[in-house]
Structure formats: structure tokens, C-alpha cells
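So you can see what is in the structure, the chains are spelled out below.
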Amino acid sequence: MAACCTMKRPFFLLGVLQLLAAAAAVYKQWIPNTNFETASNWDKGRVPCASDVVHFEKDKVVSVFVRSPHELTDMYLPLNGEFVLAAGAGFTAFDGSWDPGCDSGETVRFADAEQHAWFDPTLWQDVFPNGELKPSGRIFSVDEERVPCRYDDVIFQAETSFRVNTDSSQQVIHLRSISVMGQELSTPTSWAGYLQGPSAPLQFHGNGTLQVTGTGCPDKSGCACGNTLDGPRICAALFRALGRRCPAPVCQSPLQPLGHCCGVCGATISLDFTPDFDLQKYQDRLIQELLSQMAISKVHKAQTFLGIIPRSSTPLIQIVLIDDRAGVQAGTTAEQLAADIMEDVAQHGEALGISSGKVEVATGSTSSGQVGSHTLSRITAGTVMGLLFGLVFLGGILLLYRKGKLRLPALRFPQPWDRLEDPVSAAPASDKGFDNPMFNVEPPRTDPGEETPKDLQVFYLNPLYDASETET
Ligand SMILES: *[C@@H]1O[C@H](CO)[C@@H](O)[C@H](O)[C@H]1NC(C)=O
């Protein structure tokens, strides 16, 4: 067990090479199954043996794949369900003769598969098209993108049964293709045909409808994942799986990347792009020099006010850089890499199709937020400061909110707060930079002249929880 983590580094290069080879399409595999032979599917943590009585809940719908023959003493079946039998598999009555290793004679119950949710990021893993597990290299995904995105391919492993709750805030969940029982369904008609079959209603339940489009991302600058509306559902599932909210951050002022449930230490870069930008090529370029862990994707930054009045959303390329350094060193490798990336943008941005970029940094030694920005045509305005205070304040609000003592309408600030202007910039505030709305606030200052209550109230809005964002 302890050996797992020290093994990581040697795999780095391998992971990068394989990623380069198979980066075009993303395959995500559903992890849980409802197979008869999976020990964790039974309440006793073992597969029933001959002297056991097998018990399926009467009113639980289930599809169960059976790989091999089983002798059983008795079996209670659900009212609605199916056994999918592999060749040679099946059940026979136990003849009462002695079965070595099975003298328990217990009632063994099939565990509840009802709660496994499509939008639980811990139930998906990245695989190659053949289903082989991708080694965890230096590339990671923000939590919303750990769940299949609209141009992804979904794999339910061959020879497994499963049951997924597709409850969603969207009526339709789009996917490029779905493989079930070793059969790839990659056209709308083949998928519609599958849904008519006997197994689909046992495998999928919930109010989200899966729809296969057969189309990959058509835009070389990348496509947004499309899971933003289900962001709260994704984080709730993650927190359930973790058994808590977020791990204690190792830096004082964690960053909150779009689409990610927990704050991170390190750096985030937001890039504005032009039609020349190629996400895949740019990712490959960055991977060459990658010394920390990176997530890169197109995201939509919502322009909203308290999540109530949806305005518009701006597509941008978000790069999240984290590292595994500790203490005051936490995030410093990521910070250095972010600086290198920005240097590269300054020199080659135009050729790469990047028009401007902005960095936010949170390291173990950062006591207040640090921001760097670079625009090819002009300097952007709007520096972010007061991170620490903002987060302490935010933490207070979240705590209160979780305890149910504070409701949204109560979140009005009587005191004048003002935004800190970028000291080096005399440019008007019509900036193209991407202020993280969480961090746009600093403590009250003595000069009340620049009161901007809208900006103030926006800061504690976690973009992740913004249900009004729409896809382009
Ligand atoms: C589906 O059901 C969930 C509750 O499980 C609800 O929150 C969600 O809004 C519903 N989605 C739609 C599209 O009706």
C-alpha cells in the first residue's frame, strides 16, 4: 500500500507519451458494477457460497451479470430485474453435501446499487479506447470534467452489469458514444435502438436522458465540458464520497478554479484566445516542460450577478497548475511554471492564438493574492488583492450557510467596500482580464469613494455553483 505513491514519478514520462498518442478523444469508464461475482456488491463483503441464502430486495430494480455457475441454498429475487448469464453460468440448488470453505449458511444480501450517480466524479476513470486504464500522469481534470463531457466516449466495461442514476439538472446528457457489454453505440439511431431493449431501463434510471450524438468536439480551440449546470451535484457527490467537504489547504489563500470543487494551491492561468488557438497543440507544447500537475480546458466564465441575472458567459482557456510541495514551498513549482508559461505567451502568444492571459497564484508563503497579467495589445486592469481576508470572510459565510443561519437574501453588506485598482494600470476598467469573482474584494479602506456594491456581492459566488451558465 505505502509503495503506491513513491511509484508515481517513474511513470511520468510514460504517461506523457501515451497521452500524446491518444489525446484526440476522451474515454471515460464507469467504475462500479452490479456483477454477481463482485464481493463488494454483497453486504457480507463476499460472494455467496453454496450454504448461503441469497437475498435481492424485492422492490429494487437490478441487472446482474453472472460470470460462472453457482450452487445456492435459496434465492429471493426482485420483482423487476434480470440476470445476464455468461456462457456456462447459472444457478443450481445446493445438494447439501459438504462444501469446503462454506459452512456459514448465512443470508447474504445484494447491496443497494440505487445510489450510484452518473455525476459522481469518483465513479469514473480515464481509459484508453480499449478500456485499459490511463496511468495518472501529470494531467488531471477539474472535478466537473472527471464526469463524461458532452464530446466524450463512455465505456461500461464488457461483461459487467451496472445501474446508474442519471438525475441531472439538464434534461439531456449528450455524449459522443456509449459502449455497453462490449458493443459501441456511436450513432443516435443505434443508441435509440438500445434504449428500446430490455436492459436499458434496468441499467439507467433518473430524470436525465442520455443521448448519443456521434460527434466529437468540432472546435480546435477546444469545447467546454458542458457539466456546469450539474456542478453542485458533482461537488455534493464528491463530498459524500470523501466524507467531508475539502481537505485543509496547505496555502492560506487557495485558488478556486472554474469547475473544481475544492480550492487549490499553485497557480491558475486564464487565457483569452483567437481563432488560431489549438488547444491540443498548446497542451502538447506545455507538456514538454511540465514539472507540476496540470489541468487545461476551455471553460465558460459566467458573467452573473449573484447568479440571479444571467448575463453572458465568456469562453476562456483555464490552466490549473498544482504541485506536491509542502509548507511554505507549497505551490512554488506551479508558480514558477506559471511564470514560464506567461513568458512564453508574451513571446509567442500571437502565433499560438493567445491574445491575453492572467495568472493567479496561491502558495504556502503567499499571504495575499498575487496576480500577473499579460495582454498583447494593452495592459489589463483589475488586480486582485485582499485574498486572505476574502477567504476568511468567505469561510465564515460558508460556515454560517452550512449551519443554516444565513440565507442568500441576508447577504448584503452594509459597509462600503471597494475594489483595488491595479496600481500600474491607468487603462480604463473595460479590461479583458478575467477577475476571479471570488477574489475581487479587499477589506474596507478609509476611502469610501469607489464603492462598487455589485462587485462586492459577486465575490463569494462560487462560479461552480452558478446554475445559469450556458454552453455556446
Ligand atoms: C431531476 O431530479 C432532481 C432531483 O433528484 C432535480 O434536482 C432536478 O432538477 C431534476 N431535473 C430535471 C431536468 O427536471
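Thresholds, definitions, all that
- Residues numbered from 1 in each chain as written.
- Predicted model: local features only at pLDDT ≥ 70, side-chain atom pairs only at ≥ 80, totals over all residues.
- Heavy atoms only, no water.
- UniProt positions renumbered as here; feature names shortened; annotations may be inferred.
- Buried < 20%, exposed > 50% of the residue type's maximum accessible area, 1.4 Å probe, protein only.
- Helix = DSSP H or I, 4+ residues; strand = E, 2+ residues; numbered from the N terminus.
- Arc of directions from axis to C-beta.
- Polar contact = N/O pair within 3.5 Å; in protein donor to acceptor, adjacent residues only side chain to side chain.
- Expected span 1.5 Å × (residues − 1).
- pLDDT = per-residue confidence, 0-100.
- Contact = heavy atoms within 4.5 Å.
- Pairing = 2+ DSSP bridges.
- Axes fitted to C-alpha atoms, helices over the stretch in contact; angles between N-to-C directions.
- Near = heavy atom within 4 Å.
- Areas by Shrake-Rupley, 256 points an atom, 1.4 Å probe, with all protein chains shown as cover.
- Nonpolar A, V, L, I, M, F, W, Y, C, P; charged D, E, K, R; others polar.
- Core = buried A, V, L, I, M, F, W, Y, C linked by side-chain atoms within 4.5 Å.

Labelled according to an unreviewed UniProt entry, the protein appears under the name Protein amnionless, originating from Willisornis vidua. As its UniProt record puts it under Subcellular location (unreviewed entry), the protein is described as follows: "Cell membrane".

Quick look at helix α6 (residues 279–287) now. Since the α-helix advances by 3.6 residues per turn, residues separated by three or four positions end up pointing in the same direction. Within α6, burial applies to Leu 279, Tyr 282, Gln 283, Leu 286 and Ile 287. All buried residues of α6 project into a common sector of 140° when viewed along the axis, lining one side. Put simply, Asp 278 is the residue that caps the front of α6, since its side-chain oxygen is 3.1 Å from the backbone nitrogen of Gln 280.

Under the 1.5 Å per step criterion, the end-to-end length of helix α5 (residues 231–242) is 16 Å for twelve residues, consistent within 8% with the ideal 16 Å. Within α5, burial applies to Gly 231, Ile 234, Cys 235, Ala 237, Leu 238 and Phe 239. Phi for Gly 243, located one or two positions after α5, is positive at around 75°.

The next point concerns the confidence of the model for the protein. For the protein, the average pLDDT comes to 75, and 70% of its residues sit at 70 or higher. Segment residues 1–23 is flagged for pLDDT under 50; beyond a separation of four residues in sequence, or across chains, it makes 16 contacts in the model. Scored below 50 in pLDDT, residues 376–472 makes 193 contacts in the model with residues more than four places away or belonging to other chains.

It is worth spelling out the sheet that holds strand β9 (residues 124–127) at this point. Strand order in the open sheet formed by five strands is β9-β1-β10-β13-β14, and the pairing between neighbours is mixed. In this open sheet, the two edge strands, each paired with only one partner strand, are β9 and β14 (183–185). Each adjacent strand pair in this sheet contributes to an overall mean axis angle of 25°, direction not counted. Where strand β13 (residues 177–180) meets β14, three bridges bridge the pair, whose relative direction is antiparallel.

Moving on, we get to the site of the ligand. Lining the immediate surroundings of the ligand are Asp 167, Ser 168, Ser 169, Gln 171, Asn 207 and Arg 233. Take Ser 168: an N or O atom from its main chain is 2.7 Å from a nitrogen atom of the ligand. Here an oxygen atom of the ligand sits 2.3 Å away from a polar atom, N or O, in the side chain of Asn 207. Within the complex, 49% of the 360 Å² of free accessible area of the ligand lies under protein. Of the residues that constitute the shell around the ligand, the class distribution is no nonpolar, four polar and two charged.

Turning our attention to the nonpolar core. Counting 24 residues, the largest nonpolar core has Ile 269, Tyr 282, Ile 319 and Leu 321 as the members making the most contacts within it. Elements with a contribution of two residues or more to this core: β17 (266–273), α6, β18 (293–305), β19 (309–322), α7 (332–352) and β20 (354–362). The leading source of residues in this core is α7, at seven residues. Leu 321 has contacts with Cys 265, Gly 266, Ala 267, Ile 269, Ser 292, Gln 293, Met 294, Ala 334, Leu 337, Ala 338 and Ile 341, leaving out every residue within four places of it along the chain. Counting residues in hydrophobic clusters, the runner-up holds 22 residues, among them Trp 124, Val 147, Ile 178 and Trp 191.

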